Structure formats: C-alpha cells, structure tokens
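Letter by letter, the chains look like this.
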Amino acid sequence: MNPEQLIAKYYAGNPPLHALLLEHSRLVAAKALAVAERHPELQLDTDFLREAAMLHDIGIFLTDAPGIHCHGTEHYLRHGLLGAELLRREGLPRHARVAERHTGTGLTAEQITSRALPLPVADYLPETLEEQVICYADKFFSKSKGTSASNAENPLAEKPLERVVQSLAKFGSADKFLAWHERFQ
C-alpha cells in the first residue's frame, strides 16, 4: 500500500493542502520511525508505522480550517474520526484506528461529554504501541503557524518538548505524554 497515492486520491484538487499534509505526515513518520530505530526491543511494525503516520491526518480536507487550506464543513476536531471512516472504506481498519485515536494523547468518553466536544461519545485512546508512537510523534509538529518565532517562520518546524507539554497541560494530558516521552526517547 502506498500512502502517498491514497493521499493524492483525496487531495489532488487542493495542491497547497496536499503539500502541507505530505510534509507534516513525513515529519511525523520520520519521528515515529526514529523511535522504532532507538527501541528495537519494542518490536514495532515499521512498515505499518510509516503508512499509518502518513495517513493519520487524511481526514483534514473535510474540515473547516481555512488557515491550513481546509475548506470542508466539519469541525477540525472531527478530522481523526472522518479520516478513520475514509480509511475503513479503503479497507484499512488498522490505519483507521490510528487516525481516530491521535487527537491530543487520545480522548475519553468523559472528556468528550464534559467538554461538549463535537464527537460521538466513546473512548478514542491509542492502545497499541504503534498507535501510541504515532500519537506521540504527531505532537511535535503542527500544520499551522504558531506564536513562537521559529514556528511563525516555519509552521512545520519541530516544537520543543516544553512547548508540547505546555499545550497538552491545558487539556490535562501532559502526564501521559511525558510518560510516553520517557519510554520512547
């Protein structure tokens, strides 16, 4: 399976978003594969890791996020779920699980309910090591311009650990991320 071809199938009509998604996904895949290389004892499926990292954000084109060239109608928070639906239709259920479980450090039904998030109430938590590694790697890369000087110049620049932790602390998921960092770094 060639993830770049699958991305092209859905993004051919939006070259700026296609380029942004490919670059972001390649960075996430490279970071995830670096974890696999550093930790052979984890016995990660590197072919799957690369494919799923490339496809984790495939649903963003369906969302309304004009700042990153997304001109769909759905709330951006739904991109993982939308991507998972698309990947299941493509016959990729394992890849779909990565897409639907990579938001933050995963979302619980309780978080969805208490914060009135625009998602069906369920747990969307990364369970397998591959799901966790991709979720971890994704937190280091944004697709939009941030407020720091380095990110404003290059929105795809890797975020420093401190900034990742700070952004996750607002949602109460920094501890989980730091545990992953201890394990995967």
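Going by the structure above, here's the rest.
Residue positions within a chain follow its written sequence, with the count starting from 1. pLDDT decides what is reported in this predicted model: residues at 70 or higher carry local features, side-chain atom pairs at 80 or more are listed and counted, and totals for whole chains, interfaces and linings draw on all residues regardless. Only hydrogens and water are set aside when side-chain values are computed; all heavy atoms of the structure are taken into account.

## Notes on helix α9 (residues 161-169)
Now for step 1: All of the buried residues in α9 are V164, V165 and L168. Looking straight down α9, one finds its buried side chains confined to an arc of 95 degrees; they lie on one side. Exposed residues lying more than 90 degrees from the buried face of α9 are E162 and Q166.
Now for step 2: Contacts from the buried residues of α9 go to α10 (174-184). Relative accessibility under 20% of the residue-type maximum defines a buried residue, over 50% an exposed one, and the middle range a partly exposed one, all with a 1.4 Å probe and only protein chains included. Helix and strand definitions here come from DSSP, where helices need a minimum of 4 consecutive H or I residues and strands a minimum of 2 consecutive E residues; each element is numbered from the N-terminal end. By definition, the arc is the one covered by directions from the helix axis to the C-beta atoms. In this description, contact between two residues means that some pair of their heavy atoms is separated by no more than 4.5 Å.

## Some details on the side chain of H24
Now for step 1: Tracing the sequence through the fold places H24 in helix α2 (residues 15-38).
Now for step 2: What makes H24 buried here is its relative accessible area of 0%.

## Some remarks on the environment of V28
Now for step 1: Tracing the sequence through the fold places V28 in helix α2.
Now for step 2: Excluding its chain neighbours within four sequence positions, the residues that come into contact with V28 are A53, H56, I134, A137, D138 and F141.

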